[in-house]
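Below, each chain spelled out in residue letters.
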Amino acid sequence: MSPPCSLLRSSWLAASALLVTLALTPATAQDAAPLDTYLPAGSYDASVPTPQSVLGWNVGDWHVRHDQIVRYMEVLADASPRVTLETYAHSHEQRPLVLLTITSPANHDRIEDIRTAHLAAVTSGAERDTSDPVIAWLGYSVHGNEASAANAALVVAYHLAASQEPDVTDMLGSSVVLLDPCLNPDGAARFASWVNQHKGKVLVADATHREHREVWPGGRTNHYWFDLNRDWLLLTHPESRGRVEQFHRWRPHVLTDGHEMGTESTYFFQPGVPTRQNPRTPPRNLDLTRAIAEFHAKALDDIGSLYYSEERFDDFYYGKGSTYPDVHGSIGILFEQASSRGHLQENSAGELSFVDTVRNQVATSLSTLRATHALRSELLDHQTETVRTALSEARDDDIRGYIFGHEHDRARVAAMASILVQHQIDVHPLADETTIDDVRYEPGSAYVVPCDQDQYLLVKSLFETRTEFEDNTFYDVSTWTLPLMFAMPSKALGRSMMAGLRVDEPVTSIPAREGTFADHDDTTPYAWAFEWHQTSAPRALQRLLDQGVRARVTTQPLDAMTTDGRRAFTRGTVLIPAGIQDTDVATIRQTLAHCARVDGIDIHTFTTGLTPAGGDLGSPSVMPVTAPRPLILVGPGVSAYEAGEAWHALDVRFGVATALIETDELSSVDLGEYTHVIMVNGSYSAISESTADALLDWVSDGGVVIAQKSACSWAASNLLGGSSANRARNDTPRPGDHDDEPGPTRRAYAEYDAARAVDVIGGAIFEVAVDLTHPLAFGYTQATIPVFRNSTRTLNLHRDPFSMPFAYTSEPLLSGYASAHNVEEIADTPAVIANRVGSGTVVRMVDNPNFRGVFYGTQRIFANALYFGRAVQRTGPVDEAHDEELDGHGHP
């Protein structure tokens, strides 16, 4: 007979009480007491389960898996009246992202009133009642292999749920704590699996032990190998979109961001380098961060841990978790703990244990809450004062707002507007057509963002361009001008210009625009067509190719007779001739209707193949489009970020099945199964000479290689004959790098970091000129576009003057930092070179067109290389005979 439920509960409570008693008993060398190691002595509610009682082992014994974190938080929420839990998003791998709200039961009873009253005060800049609760957000492990933070979250959550000490109950009575235990579930799951499977019963501290050397790509990144700590502004991924939505539901006064750094380091907490704070951040932010830092210092002093502050790290890029809050009147705090990258690792100070790393993260989590409680009135005042000041600055700003739009690409406009709306920025649809600086803005494809709003600081940060900086050292990018990322026509609006515009009410979401499909089911048309301007055109084309539809592309402009009469079509128009299809007409019509409805593509119906202007539809200038079957070379030596960005573009944006092939396994691959080989930035020394020859033969037979950044040099040497004209110039050698060169002027050792920063392009936006007639430029309508670059690498001018469809302008720097020397070196050099090799093509891009999944303006180049790479024709210097083009082996 089963015991009654009451008896089971009593037994469980007794067991839990025993576990708590044991856990809070002083540790011995033989029997570590983990909760006592992490937490201050005190009284704990025995009805609240400890982490050990749910996991079956002590925190720090193993690296906790993400599912175990979620399970413990669910148990905690069920057991404690102080805790509620909600799922705010799911990762790409469908793992839940959860947020705990921890406060007193009395506050929970009115939690929605607290939240809405707080938001109303923040967004209006109204005076605050000093009795209002302060809101603190504790965030852990946005980088999955920086695991001490996520493991610390278990201990912190337990402490806040169970502690009966007066300081904790008092703090929870005047605070709301939002605890985000794991910001990157997919990366955390990869890393926990790796270190746990290599842990023995006896820990191995050897730094070269496999436990401490996770395989490529490692657990730092999310499913698509993106750094989620760079995505707070860009919102490319579901984890970030869900988190930013929660941030704006609460607008916390303090937000922490727990990380790890190298094993030889100690512990860092902000402030960072004071001169590297974003100039849009209110000065008082630094003062309050310093005040909070005193609490961290005391907590770490008490446990004897080494630490530092105001060095190395900056507070500049608003797309990071510890900096995004700053522009909203919150205090963002970065924590960086020296990593054990496993359970125990040796360093110059002896051995660093995982338990040690978790303990420091717990200590600074609790010191944050003590500081937030003690500085409550100052934090409340700072947040509302930030908004009041911003609104005052907005009223005095001669720039009253910004207009942006693109009459040919509503999908790209919608994508940019959606980012703004998710940041709670007021975005107004344009009501009447207007032309500014010869650019036409139309209702339905243009929006206006006024400066006079509580998000003024963020608006200015997203729209302004800046090339002058107080400090030229950047931990990340130096610019993030949104219209430039999207290659979006935009204009700053003065007072009279703003007053003359008519706009609709601000939108809370961006509606998907459906395209048009002029078709009649009773007759079979000669062909269907859509233009390539729309960002979603590659996705629509791929849907058709997946159905076995035969498509063609125009390489010259033409006029055609459609069901709507005569109409002009640009280069890059995709044609679906009805008469050459094996796929039945009903399926084609159904797919086209889906493309119009879901992708927003306007589809035209041609009534004849005879055109009134330009080539007829059977002309050699109308070329077939082959369904791409790409592979991306990945593995050690290859940039996981850039490989992931290419994978994300292909998989998510275009819907293309993409093989990820380890570089050292290329020799065993049947290249005939693929149409494209994609080589992002990295080292390809693992490719043997015989494999390189096989790849060259494959290109000559019609394959397309897309090479980015350093891969350009490999492609030049192995696929294009290796001439100096083909090679990419890497970072310019400095005088003194070689013994036979004169050395530089003697300088102080302490000046090295500043001197090195001058030669680095950490992330800036440059301008390139576009040859709109080239297949790689199909879909572009502007003579210049912005590109992102974060290296000093350049391509030499090619002897074939027709092979360079994108080249830097003579004054290329648009926004961000680059030294005058680097700008001069980059000016007038090619950005993209496309060479025909036999029947195939080698496309070299000196930059990364898919950077962080948000450079929509250059992602089109990548799409064009994918779909139209084979449309690139053989060209060469006009004064040279080239009736017979030699392949890479020297054969005609």
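Higher on the page you've got the structure.
The present account deals with the structure reproduced in this document. Just so it is clear, the model here is predicted, and its values are computed rather than measured.

Attention shifts here to the overall build of the protein chain. A tally of regular secondary structure across the protein chain gives 25 helices and 33 strands. Its C-alpha radius of gyration of 30 Å places the protein chain within 12% of the 29 Å reference for a compact globule of 892 residues. Oriented by its inertia axes, the alpha-carbon framework of the protein chain measures out at about 85 × 75 × 65 Å. Across the 892 residues of the protein chain, 59% fall into the buried class. About 34600 Å² of surface is accessible on the protein chain, with carbon and sulfur atoms providing 49% of the total.

Here we come to the nonpolar core. By size, the foremost hydrophobic cluster in this structure holds 100 residues, and its most contacted members are Phe 530, Phe 806 and Tyr 867. Here Phe 530 is in contact with Ala 537, Ala 540, Leu 541, Leu 544, Thr 573, Val 574, Ile 601, Asp 602 and Ile 603, once residues within four sequence places are set aside.

The next thing to look at is the pattern of salt bridges. The full count for this structure, using the stated rule, is 36 salt bridges. With its nearest N and O atoms 3.9 Å apart, the salt bridge here joins Arg 388 to Asp 381. Note on Arg 388: relative accessible area 22%, which makes it partly exposed. With its nearest N and O atoms 3.5 Å apart, the salt bridge here joins Asp 398 to Arg 495. Of the two residues, Asp 398 is situated in the loop between helix H13 (376-396) and strand E10 (401-405) and Arg 495 in helix H17 (residues 495-499); the sequence distance between them amounts to 97 residues. Judged by relative accessible area, which is 56%, Asp 398 ranks as exposed. Residue class for Arg 495 comes out partly exposed when judged on its relative accessible area of 42%. Linked through salt bridges whose partners overlap, the residues forming this network are Glu 146, Arg 220, Asp 227, Arg 230, Asp 476 and Arg 852.

Applying the stated rule across the entire model yields 31 aromatic pairs. Among the aromatic residues, ring-to-ring pairing joins Phe 316, Tyr 317, Tyr 318, Phe 469, Phe 474, Trp 480 and Tyr 817 into one connected group. Over the aromatic face of Phe 569 sits the side chain of Arg 567, whose NZ or CZ is 4.9 Å from the ring centroid. The lysine or arginine in question, Arg 789, covers the ring of Phe 766, its NZ or CZ lying 5.8 Å from the ring centre.

Here we come to unusual backbone geometry. Peptide bonds are trans in most cases, and residues, glycine excluded, mostly fall at negative phi. The step from Trp 216 to Pro 217 runs through a cis peptide bond, and the omega angle for that step is 5°. The topology assignment puts Pro 217 in the loop between helix H9 (185-197) and helix H10 (238-250). The peptide bond linking Gln 270 to Pro 271 adopts the cis configuration, its omega dihedral lying at 20°. Note on placement: Pro 271 falls in the loop between strand E6 (267-269) and helix H11 (284-302). The residue Lys 709 is not glycine, and still its phi comes out positive at about 55°. Unusually for a residue other than glycine, Arg 852 sits at a positive phi of about 50°. By the element assignment, Arg 852 lies in the loop between strand E33 (840-845) and helix H25 (856-868). Relative accessible area serves as the criterion here: at 14%, Arg 852 is assigned to the buried category.

Criteria and cut-off values
Residues numbered from 1 in each chain as written. Predicted model: local features only at pLDDT ≥ 70, side-chain atom pairs only at ≥ 80, totals over all residues. Heavy atoms only, no water. Helix = DSSP H or I, 4+ residues; strand = E, 2+ residues; numbered from the N terminus. Rg over C-alpha atoms; globule rule 2.2 N^0.38 Å. Buried < 20%, exposed > 50% of the residue type's maximum accessible area, 1.4 Å probe, protein only. Areas by Shrake-Rupley, 256 points an atom, 1.4 Å probe, with all protein chains shown as cover. Core = buried A, V, L, I, M, F, W, Y, C linked by side-chain atoms within 4.5 Å. Contact = heavy atoms within 4.5 Å. Salt bridge = Lys/Arg side-chain N within 4 Å of Asp/Glu carboxyl O. Phe/Tyr/Trp six-rings, centres within 6.5 Å; stacked < 30°, edge-to-face > 60°. Lys NZ or Arg CZ within 6 Å of the ring centre and 35° of its normal.

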